[in-house]
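Coordinate analysis (summary)
These are the residues of each chain, in order.
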Amino acid sequence: MRRQGFQGATFCEHAPLPHSFVDPTPEQDSGMSLAQLPHYLEDLQQLKKEYEHHFTINIGLEVDFIEGYEEETKELLDEYGHKLDDAILSVHFVKTKDYYHCIDFSEQAFQLFYEQAGSVERGVRRYYETVTNSIHANLGRYKPTRIGHPSLVRKFQRNFALPNDEAWLLQVLHQIKAYNYAIDANGAGTIKPKCLEPYPPTFILNEATKQRIPLVYGSDAHHPTGIAQGYETLRTFSLGSPTLY
């Protein structure tokens, strides 16, 4: 990573999901188990000390906002938040009626989501409503203040006729500004063949820059080979220290 010009990075593994929440993905592995969390924190603490004179390592988590599970999420953050240097708040699970959809898991999962929402437009609107609710949510003193990949609903946009979501994205931006939060400038979408743009898209990043909303590059790597994915697209923006997750 030093060879790529990075002086430091945050490791943001997916936090444990609320214990009473049923992960709708087939392997039910959208977050680490609660039993794994102490080991994860200990391992990163060791790495942080080992490389402290060479490379800055921040200990982080990507925390899911799931409507209806705010209290359990707050309890997790209350217990472990003081051990974190950094964190991201993301929306992957969106509720329609009585079912939660992991909207980015697959095209089939996204199709089921919009069918149950009643239309693609209603599904996309429901996603942005959920992102807005995540910004407003009371998750306690350790609530993450950087919003993860806030246009994730566009992941399969080349295979679905998505509505124009500019107004919804700008509304999300307005709320992020009002709360003095930051944005995860996520490069993963640039290599997703059905997306081919960062999350959020560059016109929103330009607007965020005008409004002086902090942007932090996120690789969303999930593997060492993805550490700098999308960085060339995003490096023209004023970015904080990178996040690997």
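Residues numbered from 1 in each chain as written. Predicted model: local features only at pLDDT ≥ 70, side-chain atom pairs only at ≥ 80, totals over all residues. Heavy atoms only, no water.

**Let's talk about the overall build of the chain**
What counts is decided by this rule: Secondary structure is summarised from DSSP: a helix means a run of H or I of at least four residues, a strand means a run of E of at least two, and numbering begins at the N terminus for each. Only the C-alpha atoms count toward the radius of gyration. The rule for a globule is 2.2 Å times the residue count to the power 0.38. Three exposure classes are used, based on accessible area relative to the maximum for each residue type with a 1.4 Å probe and protein chains only: buried under 20%, partly exposed in between, and exposed over 50%. In this analysis, two residues are considered to be in contact whenever any of their non-hydrogen atoms come within 4.5 Å of each other. Per-residue and other accessible areas follow the Shrake-Rupley method at a 1.4 Å probe size, with only the shown protein chains counted as cover for residues. Neither His nor the chain ends contribute to the count of charged residues, in which Lys and Arg are positive and Asp and Glu negative. Note that the charge is assigned to NZ on lysines, CZ on arginines, CG on aspartates and CD on glutamates.
In terms of regular secondary structure, the chain is built from 7 helices and 9 strands. The C-alpha atoms of the chain give 17 Å as radius of gyration, which agrees with the globular expectation for 245 residues (18 Å, within 12%). Each of the three principal axes of the chain carries a C-alpha extent, and together these read 55 × 40 × 35 Å. Looking at the chain as a whole, 52% of its 245 residues qualify as buried. When contacts within the chain are restricted to residue pairs at least 6 apart in sequence, those whose partners lie at least 24 apart make up 75%. In the form shown here, the chain has an accessible surface area of approximately 12,000 Å², with 46% of it arising from carbon and sulfur atoms. In the chain, 23 positive and 32 negative side-chain charges are present, and the distance between their average locations comes to 6 Å.

**Quick word on the nonpolar core**
Quick note on the threshold: By nonpolar core we mean a set of buried residues, namely Ala, Val, Leu, Ile, Met, Phe, Trp, Tyr and Cys, connected to one another through side-chain atoms within 4.5 Å.
Counting 58 residues, the largest nonpolar core has Leu-37, Leu-61, Phe-110, Tyr-127 and Ile-176 as its most contacted members. Of the residues forming this core, the biggest block, 6 residues, is contributed by helix 4 (residues 120–136). Apart from the residues lying within four places of it in its own chain, the contact partners of Phe-110 are Ile-103, Val-153, Phe-156, Phe-160 and Leu-162.

**A short note on the environment of Gly-140**
Here Gly-140 is to be found in the loop between helix 4 and strand 6 (146–147). On the accessibility criterion, Gly-140 (24% relative accessible area) is partly exposed. Between the C-alpha atom of Gly-140 and that of Thr-73, which follows or precedes it by 67 residues, the distance is 9.1 Å.

**Considering the packing of helix 4 against helix 5 (residues 166–178)**
Stated precisely, the cut-off is as follows: Angles here are taken between N-to-C directions and fall from 0 to 180 degrees, while the axes themselves are lines fitted to C-alpha atoms, restricted in helices to the stretch in contact. An angle below 35 degrees is treated as roughly parallel, one above 145 as roughly antiparallel, one from 65 to 115 as roughly perpendicular, and anything else as oblique.
Orientation of helix 4 relative to helix 5, taken along the N-to-C sense of each, is 5°, at an axis distance of 10 Å. Comparing the axis directions of helix 4 and helix 5 gives the class roughly parallel. Residue-level inspection shows Glu-121, Val-124, Arg-125, Tyr-128, Val-131, Thr-132, Ile-135 and His-136 of helix 4 in contact with helix 5, the latter providing Trp-168, Leu-169, Val-172, Gln-175 and Ile-176.

**A short note on the state of the cysteines**
Test applied: Pairs of cysteine sulfur atoms within 2.5 Å are what we label disulfides.
Within this structure, the stated rule accounts for 0 disulfides. Distance from the sulfur of Cys-12, which forms no disulfide, to the nearest cysteine sulfur (Cys-102) is 17 Å. For Cys-12, a relative accessible area of 1% gives the class buried. Cys-195 forms no disulfide, and the closest cysteine sulfur to it belongs to Cys-102, at a distance of 15 Å.

**Re the pairing of strand 1 (residues 8–14)**
Heads up, the condition is: One bridge is not enough; two strands pair if DSSP finds at least two bridges between them. By convention a crossover is right-handed if, when the strands point away from the viewer, the path from the first strand over the helix to the second runs clockwise.
Most of strand 1 sits inside the fold, with 5 of its 7 residues counted as buried. Looking at chain direction, strand 1 and strand 2 (residues 56–64) are connected through 7 bridges and run parallel. By the bridge assignment, His-14 is partnered in strand 2 with Glu-62. In this fold, the crossover linking strand 1 to strand 2 by way of helix 1 (residues 37–50) has right-handed handedness.

**Some words on the pairing of strand 7 (residues 182–186)**
On a regular strand, one side chain projects to one face of the sheet and the next to the other, so that they alternate. Taken across its 5 residues, strand 7 has 5 buried, putting it largely inside the fold. In this sheet, strand 7 lies alongside strand 6 in parallel orientation, the contact comprising 2 bridges. Paired with Ile-147 across the strands is Ile-183, a residue of strand 7. In this fold, the crossover linking strand 6 to strand 7 by way of helix 5 has right-handed handedness. Inspection of the sheet shows strand 7 paired to strand 8 (residues 215–218) by 4 bridges, in the parallel sense. Bridging across to strand 8, Asn-186 finds its partner in Gly-218. Since strand 7 and strand 8 lie parallel, the crossover through helix 6 (residues 202–210) that links them has a hand, and here it is right-handed.

**What to know about the packing of aromatic side chains**
As a reminder, the rule being used: Classification of ring pairs uses Phe, Tyr and Trp, with its six-membered ring standing for Trp, and accepts pairs whose centres are within 6.5 Å; under 30 degrees between planes counts as stacked, over 60 as edge-to-face, and the remaining range as tilted.
Tallied over the full model, the rule gives 13 aromatic pairs. Taken together, a centroid distance of 5.3 Å and an interplanar angle of 85° make the contact between Phe-21 and Tyr-100 edge-to-face. Of the two residues, Phe-21 sits in the loop between strand 1 and helix 1 while Tyr-100 sits in strand 5 (residues 99–102), which places them 79 residues apart along the sequence. Of the two residues examined, Phe-21 and Tyr-100, each falls in the buried class. With 4.9 Å between their ring centres and 70° between their planes, Phe-110 and Phe-160 make a pair best called edge-to-face. In this pair, Phe-110 is assigned in helix 3 (residues 107–117) and Phe-160 in the loop between strand 6 and helix 5, connecting sequence segments 50 residues apart. The exposure class assigned to Phe-110 is buried, which follows from its relative accessible area of 2%. When its relative accessible area of 12% is taken as the criterion, Phe-160 is described as buried. Taken together, Phe-110, Phe-113, Tyr-114, Phe-156 and Phe-160 form an aromatic cluster joined through their ring pairs.

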